[in-house]
Amino acid sequence: MQNNDALILGGHRFRSRFILGSGKYSLHLIKAAVKDAGAELITLAVRRANTKETENILDFIPDHVTLLPNTSGARTAEEAVRIARLARELGCGDFIKIEIMRDSKYLLPDNPQTVAATKILADEGFIVLPYMYPDLNTARDLKAAGAAAVMPLASPIGSNKGLATRDFIQILIDEIDLPIIVDAGIGKPSQACEAMEMGAAAIMANTALATAGNLPLMAKAFRQAIEAGRAAYLAGPGRVLSRGASSSDPLTGFLRDGEDVYG
C-alpha cells in the first residue's frame, strides 16, 4: 500500500478506509474497531448521545477518532438539518452523515430529501456524507449540492447480504468524481474486499462486526480485506479472457506430437 494513499474527506486525511457504523454499539465493538480494524471514523446517532445516565457512546470513542454523527431517525430534510445542527452544538464537529428514511420496513433512504438536506448543510459549512440508494442522477445532484462523498447502500441495512446493488455502485464509481463509500449490508470481509477492488474509497460496516462470533478477529479480517482490495485496485487487475485459455508459461504447453518424453 502506498504511504501517500490517504482517504480525503472535506480536506481531512485518513489512513484507514474502514468506517464503523455504531448502530449496534458496545464498548467491545468500538475497542475492536479501533484496535483491530484501525477505524479512524466512527458514526454515532445524535439521539443516543447524552441520553443515558450510566452509559454514553461518547465515553467509548477514543479522542484520536473522528466523530461522524448521523441523522438517524430523521424522516424529512428539515428533521435531518435540525439533528445536524444539534450535533454541532454538542461538540461533535462538522462531519455529518445524512440518513433520511420514511420507510420503516426496508429502511431505504429518501433520495430527494437527502439532496435537499445536503444542500442546506453544505452551505452551512458541514462536511456532508449522504447515505443514499445508488442512483446516478441522485449522486450527481448530491455532488452539485456540496456533498463531500456519496454513501450508497450495498443491500438493506443490517442484512449482511453483501453487494446486491453492485452494478449500480460501479456506475457511481465510474461516473462521480467524489469518494464512493459503500455503506449498509456488507456482511463479510470478502464483500468489503470486492467493493474496494471495484474502486470504492472506503467501507462502512457495523452489523457484520457486531454479530460476529469473534469480534476482534472479524475486525482484523475486515481491515486486511479492505487493505487488500485497495491494493488490488491500485495495482490494476489483470485482463479477463472472453473465451478460451492462455498458458501462464509458454514452456508448459502440450508436448509436440510424437515427441519422446523420455528424451
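Residues numbered from 1 in each chain as written. Predicted model: local features only at pLDDT ≥ 70, side-chain atom pairs only at ≥ 80, totals over all residues. Heavy atoms only, no water.

A. A look at the pattern of salt bridges. Evaluation of the coordinates by the stated rule reveals 13 salt bridges. Measuring nitrogen to oxygen at the nearest pair gives 3.2 Å for the salt bridge that ties E40 to R15. Separated by 25 residues along the polypeptide, E40 in the loop between α1 (27-35) and β4 (41-45) and R15 in the loop between β2 (12-14) and β3 (18-20) bring together distant segments of the chain. For the salt bridge of E194 with R166, the shortest nitrogen-to-oxygen distance reads 2.6 Å. One end of the pair, E194, is in helix α7 (residues 189-198); the other, R166, is in helix α6 (residues 166-175), with 28 residues separating them in the sequence. One connected set of salt bridges, linked through shared partners, spans D5, R17 and R230. (Salt bridge = Lys/Arg side-chain N within 4 Å of Asp/Glu carboxyl O. Helix = DSSP H or I, 4+ residues; strand = E, 2+ residues; numbered from the N terminus.)

B. Highlighting the environment of G236. With respect to the helices, strands and loops of the structure, G236 is situated in the segment after α9 (215-235). The class for G236 is partly exposed, based on a relative accessible area of 41%. The spatial distance from the C-alpha of G236 to the C-alpha of E197 is 8.9 Å, given a sequence separation of 39 residues. (Buried < 20%, exposed > 50% of the residue type's maximum accessible area, 1.4 Å probe, protein only.)

C. Highlighting the environment of T66. Along the chain, T66 turns up in strand β5 (residues 66-70). Taking the C-alpha atoms as reference points, T66 and G93, 27 residues apart in sequence, are found 8.5 Å from one another.

D. Quick look at the pairing of β5. For β5, a buried count of four out of five residues is recorded, marking the element as mostly surrounded by other parts of the structure. Pairing analysis gives five bridges linking β4 to β5, with the strands arranged parallel. Residue pairing in the sheet places L41 in a bridge with T66 of β5. (Pairing = 2+ DSSP bridges.)

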